[in-house]
Amino acid sequence: MKRIDALRRQMRDKELEAVLVQKPENRYYLSGFTGTTGSVLITLEDQFFLTDFRYVAQAKSQCPGYTIIQISQAEPIYHHINQHVSGKLGFEDDFFTVEQYGLYRSKLEAEMIPLKRLIEDLRVIKDDTEIELIHKAQQIADQAFDHILGFIEPGVTELEVADELIRVMKLLGASGESFQIIVASGVRGAMPHGVASDKKIEAGELVTMDFGCMYRGYASDMTRTVAVGEVSEELKAIYQTVLKAQETALAAIKPGLTGQELDTIARDIITEAGYSDHFGHGLGHGVGLEIHERPGINQIGTEKLQPGMIITDEPGIYIDDVGGVRIEDLILVTQDGYEVLSTSPKELIVLPT
Ligand code: ZN
Ligand code: ZN
């Protein structure tokens, strides 16, 4: 109930009588409900879970402390909300469609107030349970990486590598991948978001794998770039530059630093090496119930790091017709610095051909 208590403190500050939560990640965060249909209604004194008959039993078992209300065509959600709220009702303005908003406005007695991502604000700082689950999700990804090193060889396609990563992560307890897995080999490595294709991996290429899994609702995220046999001096030099940028930024992580300051630390190293035009994305992002959350670690990142945030550090260099390198760790910000959750080695691994 700590999460609901924190929400109620915000509700009192904002003079909200109740909030309505339907975005799946926010709903899960507050209630533990994993189904696909249901609404959380939190008032200053009570918490209700509203769903149709298909999910009543599931809500009863997953949402302790909630009063479960069954909605129906005869008694739709508005009917029940009107029984409990007549003042200001916060709603997820980033999630409602225009159609839904019009409908709710016409049916509800309450005044609808945009929440402006209030629940996401609470989610930025992870509690111990969340840290444990994200850590576990990352451990699964690290184990899958260790396995995939023995799987990659010339002739294997990027898609086969992606499928094998997913297979192993599921075997280790993941519910699935946390985003469409990136496997970019050779010149395709120049595409920062080169999702796995049917291209065969060849000797002399770098292979960038950016992947993670979902474990009990929480995401992990990591990237490693490995060599298949000997690669060119240019690719080796790029690798060392990215590694230096990644490790220098990592060592600087501590509460109080802004996303922009952290991004600049890595960016300066890449710029000094002459690759400023080849690092076209931000250094990192928050990770939690969603793969991309606040805080943004980039040139417009004004938010300060705080203990309990979980972020990535993932610089890269991408050169058309040559290839690319990205190295990404998942990191917990602590009171006095940081703890790296990803454990896979970062020195260039050269796989046998
Ligand atoms: Zn990633
Ligand atoms: Zn990432």
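Residue positions are given per chain, counting from 1 as you read along its sequence in written order. By the order in which they are written, chains take letters starting at A while ligands take numbers starting at 1. Residue-level local features of this predicted model are given only where pLDDT is at least 70; pairs of side-chain atoms are given and counted only at 80 or more, and the full residue set underlies all totals for whole chains, interfaces and linings. Each side-chain value is worked out from all heavy atoms of the structure, with water and hydrogens disregarded.

(A) Representation of the coordination of the zinc ion (ligand 2). Protein coordination of the zinc ion (ligand 2) is provided by Asp221 (OD), His285 (NE2), Glu314 (OE) and Glu328 (OE), with donor distances spanning 2.1 Å. The rule for donors is simple: an N, O or S atom within 2.8 Å of the metal counts, and for Na, K and Ca the reach is 3.2 Å. Water is not among the atoms, so a site may look short of donors. Under this scheme a four-donor centre is tetrahedral when all angles range from 85 to 135 degrees, a four-donor centre is square planar and a six-donor centre octahedral when opposite donors are above 155 degrees with the rest from 65 to 115, and any other centre is irregular. Geometry at the zinc ion (ligand 2) is irregular, judged from the four donor atoms that bind it and their angles of 78 to 151° at the metal. For the zinc ion (ligand 2), the single-chain donor residues occur in sequence as D-x63-H-x28-E-x13-E.

(B) Region of the structure containing the pattern of salt bridges. Only one rule defines a salt bridge in this text: a Lys or Arg side-chain nitrogen within 4 Å of an Asp or Glu carboxyl oxygen. Taken as a whole and assessed by the stated rule, the structure comprises 21 salt bridges. As a salt-bridge pair, Glu303 and Arg294 come within 2.7 Å of each other at their nearest N and O atoms. With relative accessibility at 21%, the residue Glu303 sits in the partly exposed group. Through salt bridges with shared partners, one network takes in Lys23, Asp94, Arg117, Glu120, Arg123, Lys126, Glu290 and Glu293. Each residue's exposure class comes from its accessible area (1.4 Å probe, protein chains only) as a fraction of the maximum for that residue type: buried when under 20%, exposed when over 50%, partly exposed otherwise.

(C) The domain arrangement of the chain, seen in detail. Taken as a whole, the chain is organised into domain 1 (2-123) and domain 2 (128-351). Using only C-alpha atoms to locate each centre, domain 1 and domain 2 end up separated by 36 Å. At the interface, eight residues of domain 1 touch nine residues of domain 2. Defined here as a combined quantity, buried area equals the accessible surface (1.4 Å probe) lost by two parts on assembly, summed across both. Approximately 710 Å² of surface area, both sides summed, lies buried where domain 1 meets domain 2, with 42% of it carried by carbon and sulfur atoms. The tally of links between domain 1 and domain 2 comes to four salt bridges. A salt bridge links Arg123 to Glu290; the nearest nitrogen and oxygen atoms lie 2.8 Å apart. Pairing of N or O atoms within 3.5 Å defines a polar contact, subject to two protein rules: one partner must be a possible hydrogen donor and the other a possible acceptor, and residues neighboring in sequence count only if both atoms are side-chain atoms. Summed over the shared surface of domain 1 and domain 2, the result is four residue pairs in polar contact (both at pLDDT 80 or more). In this text, helices come from DSSP runs of H or I with a minimum length of four residues, and strands from runs of E with a minimum of two, each type numbered from the N-terminal end. Of all the elements in the fold, those that place two or more residues in the side of domain 1 that touches domain 2 are α2 (24-31) and α6 (118-123). Three residue categories are used. Nonpolar comprises Ala, Val, Leu, Ile, Met, Phe, Trp, Tyr, Cys and Pro, charged comprises Asp, Glu, Lys and Arg, and polar comprises the others, including Gly. Across the side of domain 1 that touches domain 2, the residue classes break down as two nonpolar, no polar and six charged. Where each domain starts and ends follows an automatic or database-derived domain assignment. Residues are treated as being in contact if the distance between any of their heavy atoms lies within 4.5 Å.

(D) Representation of the coordination of the zinc ion (ligand 1) within the structure. Taken together, Asp210 (OD), Asp210 (OD), Asp221 (OD) and Glu328 (OE) make up the full set of protein donors to the zinc ion (ligand 1), lying 2.0 to 2.7 Å away. Taken together, the four donor atoms coordinating the zinc ion (ligand 1) span angles of 53 to 152° at the metal, a pattern that classifies the geometry as irregular. All donors of the zinc ion (ligand 1) belong to a single chain; written as a sequence motif, their spacing is D-x10-D-x106-E. Between the zinc ion (ligand 1) and the zinc ion (ligand 2), both coordinated by Asp221, there is a metal-metal distance of 3.0 Å. Here Asp210, found in strand β9 (residues 205-211), pairs with Glu328, found in the loop between β17 (323-326) and β18 (329-334); they are 118 residues apart in sequence, far enough to count as distant. Side by side, Asp210 and Glu328 carry an identical accessibility label, which is buried.

(E) Region of interest: the pairing of β18. Most of β18 is tucked away: six of the six residues are buried. A two-sided burial pattern is seen for β18, the buried positions comprising Asp329, Ile331 and Val333 on one face and Leu330, Leu332 and Thr334 on the other. If DSSP finds at least two bridges between two strands, the strands pair. Pairing analysis gives four bridges linking strand β15 (residues 310-313) to β18, with the strands arranged antiparallel. The residue bridging Ile310 from the neighbouring strand is Leu332, located in β18. Of the pairings in the sheet, the one linking β18 to strand β19 (residues 337-340) comprises four bridges and is antiparallel in character. Pairing of Ile331 across the sheet is with Val340, part of β19.

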